[in-house]
Amino acid sequence: MQAVTQRNRSVTRILPGLETSDGAGVRLTRLIGGPQLPQLDPFLMLDHFRSDEPDDYIAGFPPHPHRGFETVTYLLAGEMAHKDNAGHSGILSAGGVQWMTAGRGIVHSEMPRQREGLLAGFQLWVNLPSTHKMNAPRYQEFERDEVALESRDSGTQIRVVAGETSLGTQGPVRDLVTPVIFFDVTLPAGEELVEPVSADFQGFLYPVDGLIRVDGVSIKPHHLAVMGEGEGIEVKADETSRFLLIAGMPLREPVARRGPFVMNNEAELRQAFQDYQEGRF
């Protein structure tokens, strides 16, 4: 039988992100959701926050509503306290993840639990298909030691938040309406990661530390690299590097978006605002 050759993806765009603020003044870099990359279906937003200056994060994200999509908070350093209007609350610590399905509506807050020190992490917004935008809200929350860790002979380590690697390691986040893989990869200097990525998925790479290369193209830290078409990805590390590999199934549906609500048309957006103002969340 003839071996099937995997067609690896190239990089089509590299973006530095936009320095901005959100919440009550939290300083962050917006990689998806700004003018340069309004969305990367099914991803609506990606923010990277990192600072050891309390004034950059201490005001946090006071109570605010969401409808129609999922928010993913992945913390690299520090602690965040969260609570919502349904009585749910908890603490997210370094290495932990909260995958929240806002569905038909929720009001929640995310506030730093620390008064000093480094706070770093990501927030990713994943769109929901029209048939599931009004699902009941739900959470999937996992601490660092609950996130699967795959160690390979090369020294490569993959923290698997969602999806499954080629070696069969599965992330704790399951039963997603919008299929997504979310890998946090540490690649030793001189090594490479060759990993399948479904040809149906659209996604990106984001180096947190170190310099990586894809098909001869160098990607510096804190730059988002949009992946082209293919069945897999080959990433080489010029130095010990850490990067996110995230991809998901495009929905290919109309997006009507305003503030904290993401629906399919303007009428649904108006209804979302009315429902929130009249206390139906």
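This structure is a prediction, so every number in the text was calculated from the model and none was measured.

Each value, and the rule that gives it
- Residues numbered from 1 in each chain as written.
- Predicted model: local features only at pLDDT ≥ 70, side-chain atom pairs only at ≥ 80, totals over all residues.
- Heavy atoms only, no water.
- Pairing = 2+ DSSP bridges.
- Helix = DSSP H or I, 4+ residues; strand = E, 2+ residues; numbered from the N terminus.
- Axes fitted to C-alpha atoms, helices over the stretch in contact; angles between N-to-C directions.
- Salt bridge = Lys/Arg side-chain N within 4 Å of Asp/Glu carboxyl O.
- Buried < 20%, exposed > 50% of the residue type's maximum accessible area, 1.4 Å probe, protein only.
- 1 Å grid on protein atoms, 1.4 Å probe; cavity = no way out; pocket = protein on both sides within 12 Å on 5 of 7 lines; lining within 4 Å.
- Points joined across faces, edges and corners; volume = space filled by probe spheres on them.
- Nonpolar A, V, L, I, M, F, W, Y, C, P; charged D, E, K, R; others polar.
- Core = buried A, V, L, I, M, F, W, Y, C linked by side-chain atoms within 4.5 Å.
- Contact = heavy atoms within 4.5 Å.
- Phe/Tyr/Trp six-rings, centres within 6.5 Å; stacked < 30°, edge-to-face > 60°.

Novice: Before we go on, may I ask you to explain the sheet that holds strand β11 (residues 119-127) in this structure?
Specialist: Hydrogen bonds between backbone groups are what pair the strands of a sheet, and the pairing can be parallel or antiparallel. Read from one edge to the other, the open sheet built from seven strands follows the order β2-β3-β4-β11-β6-β9-β12, with strand pairing classed as antiparallel. Both outer strands of the open sheet, β2 (18-22) and β12 (138-142), are each paired with one neighbouring strand and no more. For this sheet the average axis-to-axis angle between neighbouring strands, irrespective of direction, equals 20°. Sheet topology places strand β3 (residues 26-32) next to strand β4 (residues 43-51); three bridges connect them, and they run antiparallel. Within the sheet, the bridge partner assigned to T29 lies in β4 and is H48.

Novice: Would you mind going over the pattern of salt bridges with me for this structure?
Specialist: Any two side chains of opposite charge can pair, so long as their charged atoms come close to each other. Taken as a whole and assessed by the stated rule, the structure comprises 14 salt bridges. Across the pair R27 and D56 runs a salt bridge whose closest N-O atoms are separated by 3.8 Å. Within this pair, whereas R27 is found in strand β3, its partner D56 is found in the loop between β4 and β5 (61-66), the two being separated by 29 residues in sequence. Put simply, E234 and K236 hold a salt bridge, and the shortest N to O gap is 3.9 Å. By relative accessible area, which is 26% here, E234 ends up partly exposed. Residue classification places K236 among the partly exposed residues on the basis of a relative accessible area of 33%.

Novice: Help me understand the pairing of strand β9 (residues 97-101) in this model?
Specialist: When a strand is regular, its side chains alternate between the sheet's two faces. In terms of burial, β9 is largely enclosed, as five of its five residues are buried. Note: strand β6 (residues 69-77) against β9, five bridges, orientation antiparallel. By the bridge assignment, T71 is partnered in β9 with M100.

Novice: Looking at this structure, how should I read the layout of surface pockets?
Specialist: Picture a little ball the size of a water molecule; that probe, rolled over the atoms, points out where space is still empty. In this model, the largest pocket occupies a volume close to 320 Å³. Looking at the largest pocket, it is lined by 20 residues, and the ones nearest its centre are D22, F61, H64, Q123 and W125. Looking at the lining of the largest pocket, the elements with two or more residues in it are β3, β4, β5 and β11. Broken down by element, the lining of the largest pocket gets its largest block of residues, four residues, from β5. Its residues assigned to classes, the lining of the largest pocket shows nine nonpolar, six polar and five charged.

Novice: Whenever I open this one, the sheet that holds strand β18 (residues 212-214) confuses me. Can you help?
Specialist: Strand order in the open sheet formed by four strands is β16-β21-β18-β19, and the pairing between neighbours is antiparallel. The outermost strands of the open sheet, each flanked by one partner alone, are β16 (192-196) and β19 (217-219). Ignoring which end each strand starts from, the neighbouring axes of this sheet average 30° apart. Bridge count for β18 against β19 is three bridges, and the pairing is antiparallel. Opposite I212, over in β19, you have I219 as the bridge partner.

Novice: Would you take a moment to explain the nonpolar core for this structure?
Specialist: Side chains of a nonpolar character, in soluble globular proteins, are inclined to be buried together. Of all hydrophobic cores here, the largest spans 29 residues; its most connected members are W99, L124, F182, F204 and L224. Ignoring sequence-local partners within four residues, the contact set of L124 consists of F43, M45, L46, E70, T71, V72, F182, F204 and I246.

Novice: Just checking my understanding: could you explain empty space enclosed by the protein for this structure?
Specialist: Applying the stated criterion across every chain yields a total of one cavity of 30 Å³ or more. Residue lining of the largest cavity: V26, R27, F49, R50, S51, D56, Y57 and L119, and that is the complete set. Elements with a minimum of two residues in the lining of the largest cavity: β3 and β4. The leading source of residues in the lining of the largest cavity is β4, at three residues. Its residues assigned to classes, the lining of the largest cavity shows four nonpolar, one polar and three charged.

Novice: Explanation requested: the side chain of R67 in the structure shown.
Specialist: Mapped onto the elements of the fold, R67 is located in the loop between β5 and β6. The exposure class of R67 is buried, given its relative accessible area of 4%.

Novice: Sorry, what's going on with the packing of aromatic side chains here?
Specialist: Here a ring pair, both rings aromatic, is described through the centre-centre distance and the interplanar angle of the planes. Overall, the coordinates contain nine aromatic pairs when judged by the stated rule. Pairing F43 with F204 gives two aromatic rings, centres 5.7 Å apart and planes at 85°, and the pair type is edge-to-face. Of this pair, F43 sits in strand β4 while F204 sits in strand β17 (residues 202-209), and the two are 161 residues apart along the sequence. Both residues of the pair, F43 and F204, belong to the buried class. On the basis of an interplanar angle of 65° and a centroid distance of 6.4 Å, the ring pair of F261 and Y276 is categorised as edge-to-face. Note that F261 is positioned in strand β24 (residues 261-263) and Y276 in helix α1 (residues 266-277), a separation of 15 residues in sequence. A relative accessible area of 0% means that F261 is categorised as buried. Residue Y276 is classed as partly exposed on the basis of its relative accessible area of 34%. An aromatic cluster is built from F261, F273, Y276 and F281, whose rings are joined through pairwise contacts.

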